[in-house]
Amino acid sequence: MTDLPPRTRIASHRGGTLEFGDSTPHGFRTTAAMPVDEVEFDVHPTADGAIMVHHDATLDRTTDGTGAIRDLTEAAVRAATIDYSGGQHPISLAELCDIYKDSNVTLRCEIKPGPGGVAYADFAHRVVAEIDRCGMLAKTGFTSFLVPTLDELRDLTDRPLLWLVSPPVLTQLGASAVAELAKAHGIPEIGVNVDTATETLRDHIRGAGLEFGCWAAHTADQIDHALRLGAKVFTTDRPSLAIARRDAFHTETAA
Ligand code: FE
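The structure reproduced in this document is the subject of the present report. No experiment lies behind these values; they were computed from the predicted model shown.

1. Topic: helix α10 (residues 239-254)
Part 1: Here α10 contains 16 residues, and its C-alpha end-to-end distance of 22 Å stays within 8% of the 22 Å for a straight helix at 1.5 Å per residue.
Part 2: For α10, the full list of buried residues reads Pro239, Ala242, Ile243 and Arg246. All buried residues of α10 project into a common sector of 100° when viewed along the axis, lining one side. Opposite the packed face of α10, turned more than 90 degrees from it, sit the exposed residues Thr251 and Glu252.
Part 3: Next to the buried residues of α10 lie β1 (9-13), α1 (17-20), α9 (220-228) and β9 (233-236).

Right, dumping it as structure tokens:
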């Protein structure tokens, strides 16, 4: 009997943006009942101390509202209507935790920077504390594009950390420096854009003792690529498609 590699995990990105709208309550509720492994979401602080689930640092691109979330009240963020959502509004981190409290789907929390790409001051510890207060910390992993944010998280929690490596960073640093930087910062896992993922890169990262995953696998070809690479996990805006492709992949490889 041969040992099969672990099944690649599927993370429903922002609650399945291309199926349910960007970071919508319906998308998160639907994801909670799907046979996926993780739900990916992004968090931002409001001016009055709330933590809201939204992708961008501003409301402008994906809602009918305007302005930076950090400059708005919780009520103002909640008043925004998410585009292509049938009239839904952003929810808080606590509400998201409540949706997943009885789900087998674990949380993949991305701590985003604010407008201009600068990390929010004094934010990571509030996110960890809020997830802990909601009783969900044991079911949560954290991701960020920002190594200093991962440094903060490493000092705050023992939960899994994943560095999202952007294509420019991968190009500028190269695979060896990415692996060395991750190890130097105690980051055990990296994720790369699926379009930059190759067998050579995967083997290099794994050879350095790190785990390897992908993000932004939204087409059947991209999903199949992540599956063939044996990525530990990939994020996708199309969780239903990813489930179907993963089922087909395992049927084919078992035949
Ligand atoms: Fe994200």
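2. Some remarks on the side chain of Arg202
Part 1: With respect to the helices, strands and loops of the structure, Arg202 is situated in helix α8 (residues 199-207).
Part 2: A polar contact of 2.9 Å, which involves the side chain of Arg202, links it to the side chain of Asp203.

3. So, the layout of surface pockets
Gaps left between atoms are located by rolling a probe of water-molecule size over the structure's atoms.
Part 1: Here the second largest pocket is characterised by a volume of approximately 240 Å³.
Part 2: Among the elements of the structure, β4 (106-111), β5 (140-144) and β6 (161-165) are those that each provide at least two residues to the lining of the second largest pocket.
Part 3: The leading source of residues in the lining of the second largest pocket is β5, at 4 residues.
Part 4: A breakdown of the residues in the lining of the second largest pocket according to their chemical character gives 6 nonpolar, 4 polar and 7 charged.

4. Digging into the packing of α9 against α10
Part 1: The interhelical angle for the contact between α9 and α10, taken along N-to-C directions, is 45°, at an axis separation of 10 Å. Classified by the angle between their axes, α9 and α10 sit oblique to one another. At the point where α9 passes α10, the crossing takes the right-handed sense. For the pair formed by α9 and α10, the contact residues are Ala220, Ile223, Asp224, Leu227 and Arg228 on the first element and Leu241, Ala242, Arg245, Arg246 and Phe249 on the second.
Part 2: Split into classes, the residues belonging to the contact of α9 with α10 amount to 6 nonpolar, no polar and 4 charged.

5. Overview of the pairing of strand β7 (residues 189-193)
Part 1: Counting buried residues along β7, 5 of its 5 residues qualify, which places the element largely inside the surrounding structure.
Part 2: Relative to β7, β6 runs parallel, the two being bridged by 4 bridges. Each bridged residue has a counterpart across the sheet, and for Val165 the counterpart in β7 is Val192.
Part 3: Crossover connection from β6 via helix α7 (residues 167-184) to parallel β7: handedness right-handed.
Part 4: Pairing geometry for β7 and strand β8 (residues 211-215), over 5 bridges, is parallel. By the bridge assignment, Asn193 is partnered in β8 with Trp215.

6. Some thoughts on empty space enclosed by the protein
Part 1: Taken as a whole and assessed by the stated rule, the structure comprises 1 cavity of 30 Å³ or more.
Part 2: The volume enclosed by the largest cavity comes to roughly 40 Å³.
Part 3: Lining the largest cavity, in full, are Ile111, Lys112, Ala119, Tyr120, Phe123, Ala124, Thr149 and Glu152.
Part 4: Here the residues of the lining of the largest cavity sort into 5 nonpolar, 1 polar and 2 charged.

Reading guide: rules and limits
- Residues numbered from 1 in each chain as written.
- Predicted model: local features only at pLDDT ≥ 70, side-chain atom pairs only at ≥ 80, totals over all residues.
- Heavy atoms only, no water.
- Helix = DSSP H or I, 4+ residues; strand = E, 2+ residues; numbered from the N terminus.
- Expected span 1.5 Å × (residues − 1).
- Buried < 20%, exposed > 50% of the residue type's maximum accessible area, 1.4 Å probe, protein only.
- Arc of directions from axis to C-beta.
- Contact = heavy atoms within 4.5 Å.
- Polar contact = N/O pair within 3.5 Å; in protein donor to acceptor, adjacent residues only side chain to side chain.
- 1 Å grid on protein atoms, 1.4 Å probe; cavity = no way out; pocket = protein on both sides within 12 Å on 5 of 7 lines; lining within 4 Å.
- Points joined across faces, edges and corners; volume = space filled by probe spheres on them.
- Nonpolar A, V, L, I, M, F, W, Y, C, P; charged D, E, K, R; others polar.
- Axes fitted to C-alpha atoms, helices over the stretch in contact; angles between N-to-C directions.
- Parallel < 35°, antiparallel > 145°, perpendicular 65-115°, else oblique.
- Left-handed = near helix turned anticlockwise from the far one by under 90°.
- Pairing = 2+ DSSP bridges.
- Right-handed = clockwise from strand over helix to strand, strands pointing away.

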